[in-house]
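# A closer look at the structure
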Amino acid sequence: MQPKISNIKKMALRCGIVGLPNVGKSTLFNCISSGKAQSANFPFCTIEPNIGSTIVPDDRLEVLEKIVKPQRVVPATVEIVDIAGLVKGASKGEGLGNQFLANIRETDAILHVLRCFDDSNIVHVDGSVNPVRDKEIIDTELQLKDLETVENRISKVQKQAQTGGDKNAKKLYDILVRYKEVLEQGKSARTVTFDNAEDEKLARELFLLTNKPVMYVCNVDENSAKDGNKYVEQVKEAVKDENAQILVIAAKIESEIAELESYEERQMFLEEIGLEKSGVVRLIRSAYALLNLETYFTAGAPEVRAWTYNKGDKAPACAGVIHSDFERGFIRAEVIKYDDYVKYGSESACRAAGKLGVEGKDYVVQDGDIMHFLFNV
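Residues numbered from 1 in each chain as written. Predicted model: local features only at pLDDT ≥ 70, side-chain atom pairs only at ≥ 80, totals over all residues. Heavy atoms only, no water.

## A few points about the packing of helix α8 (residues 251–259) against helix α9 (residues 263–272)
Closest axis-to-axis distance for the α8/α9 pair is 8 Å, and the angle between their directions is 150°. One finds that α8 runs roughly antiparallel with respect to α9. The handedness of the crossing between α8 and α9 is right-handed. In contact with Ile-253, Glu-256 and Ile-257 of α8, α9 contributes Arg-266, Phe-269 and Leu-270. Along the lines of polarity and charge, the residues of the contact of α8 with α9 split into four nonpolar, no polar and two charged. (Axes fitted to C-alpha atoms, helices over the stretch in contact; angles between N-to-C directions. Helix = DSSP H or I, 4+ residues; strand = E, 2+ residues; numbered from the N terminus. Parallel < 35°, antiparallel > 145°, perpendicular 65-115°, else oblique. Left-handed = near helix turned anticlockwise from the far one by under 90°. Contact = heavy atoms within 4.5 Å. Nonpolar A, V, L, I, M, F, W, Y, C, P; charged D, E, K, R; others polar.)

Following this line, the structure appears as structure tokens:
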């Protein structure tokens, strides 16, 4: 079940790593950049000095590779951006503030690294370890920048909204006022919820920094890698109302794992410290989930490939991930469930067993589906 077209459209997914100096941000980025921590089979590629493209680990690809024996395997990828450091006053352009904020605006999600370990050899920029305070420093800078954005937009749409001639202007004005109230309280834009899809769409189009999904990455010492520590608990309490994810990771240990040559050695190392998967693997998978993304596959002799789509998307939209022509001229989709493909061992065997479904435009694609799209343009 292989797309018969060479002009592939890439669904870009970009996560930005942010944090204060000496919290382990660059160490974590370098772990991801090594590529070794994620997989024994798929390479890492550097796009720019501070941008890495790494695979989304997926055991199903290896299973499909053994069954299909394709010429190549293409996993889904995530771009990770090591965003420039931050100082207080970044929202006003202090230090590299403008660059920092511009880089965040270009990402889909924020991975906020917090120092949750004690080490007298690593100086903390503010003199003591306090991850909640560190979080609030960056939050404040992002909130101030968002408040500036919101106030500028209010001044532009207020007159249109008050005259009543433009319904969208009134809706946008109301949304902006809600955001202004929340931001002035020192809360992030993501804490605001909406009752209808139209308002949500207008809100998203504002591209507010604090409206991006966030994962707090608690960087701990080796002994806390499995169960966390008091600092992690403080972070959990501080973000309990934020609808944000928390991941515990020991970046120093991850860097040691990344230096090991073989997959077997890395797995043995993980088992010794009581972990099933490396922190980097868990981070990439969690980032995927954070953005409400799932994977479908195409499988044929030339290649087995993983494709990223938004959870809940219907077949035409998922076809469009491969190429816009697939969506524009969509006729139908042939679908085999992953478990059936593994059980029967081939597309032809699934077809013979009645396990190949023919689906139309209203079919909601499921994670793991093996797809073949028929189209005509």
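From this point, the narrative continues.
## Description of α9
All buried positions along α9 are accounted for by Arg-266, Phe-269 and Leu-270. Burial along α9 is one-sided: seen end-on, the buried residues are contained in an arc of 100°. Turned more than 90 degrees from where α9 packs its buried face, Glu-264, Met-268, Glu-271 and Glu-272 sit exposed. In the segment just after α9, Gly-274 is the residue with positive phi, at about 85°. (Buried < 20%, exposed > 50% of the residue type's maximum accessible area, 1.4 Å probe, protein only. Arc of directions from axis to C-beta.)

## Considerations on empty space enclosed by the protein
Enumeration according to the criterion identifies two cavities of 30 Å³ or more in this entry. Lining the largest cavity are Ile-110, His-112, Ile-138, Asp-139, Leu-142, Arg-190 and Val-214. When residues of the lining of the largest cavity are traced back to their parent elements, those giving at least two are β6 (109–115) and α4 (131–163). Residue contributions to the lining of the largest cavity peak at three residues, all from α4. (1 Å grid on protein atoms, 1.4 Å probe; cavity = no way out; pocket = protein on both sides within 12 Å on 5 of 7 lines; lining within 4 Å. Points joined across faces, edges and corners; volume = space filled by probe spheres on them.)

## Notes on the pattern of salt bridges
Going through the model one piece at a time under the given rule, you end up with 22 salt bridges. A salt bridge links Asp-59 to Lys-277; the nearest nitrogen and oxygen atoms lie 3.7 Å apart. Here Lys-277 lies in the loop between α9 and α10 (279–290) and Asp-59 lies in helix α2 (residues 59–68), a separation of 218 residues in the sequence. What makes Asp-59 partly exposed here is its relative accessible area of 42%. A salt bridge links Asp-362 to Lys-314, with the shortest nitrogen-to-oxygen separation between them at 3.7 Å. Residue Asp-362 is found in the loop between β12 (356–359) and β13 (370–375), and its partner Lys-314 is found in the loop between β10 (303–310) and α11 (315–322); the two are separated by 48 residues along the sequence. Classification of Asp-362 as exposed rests on a relative accessible area of 63%. Salt bridges sharing common partners tie together Asp-58, Arg-60 and Asp-367. (Salt bridge = Lys/Arg side-chain N within 4 Å of Asp/Glu carboxyl O.)

## Some words on the nonpolar core
Among the nonpolar cores identified, the biggest contains 73 residues, and Cys-15, Ile-80, Leu-111, Cys-116, Val-217 and Leu-283 are the most heavily contacted of them. In terms of residue count, α10 provides more of this core than any other element does, six residues in total. If you look at the next biggest cluster of nonpolar residues, it comprises 19 residues, including Leu-147, Leu-183, Ala-189 and Leu-202. (Core = buried A, V, L, I, M, F, W, Y, C linked by side-chain atoms within 4.5 Å.)

## Quick word on the layout of surface pockets
Here the largest pocket is characterised by a volume of approximately 1,100 Å³. Lining the largest pocket are 28 residues, with Arg-204, Asn-211, Lys-212, Pro-213 and Leu-291 sitting closest to its centre. Here the lining of the largest pocket takes three residues from helix α6 (residues 197–204), the largest share from any one element. When grouped by side-chain class, the residues that make up the lining of the largest pocket number 11 nonpolar, eight polar and nine charged. Within this model, the second largest pocket holds a volume of roughly 370 Å³. Residue lining of the second largest pocket: 17 residues in total, with Phe-117, Asp-119, Ile-122, Asn-219 and Lys-252 positioned closest to the centre. If you tally residues by element for the lining of the second largest pocket, the top one is α8, at four residues. In terms of residue class, the lining of the second largest pocket is built from seven nonpolar, four polar and six charged.

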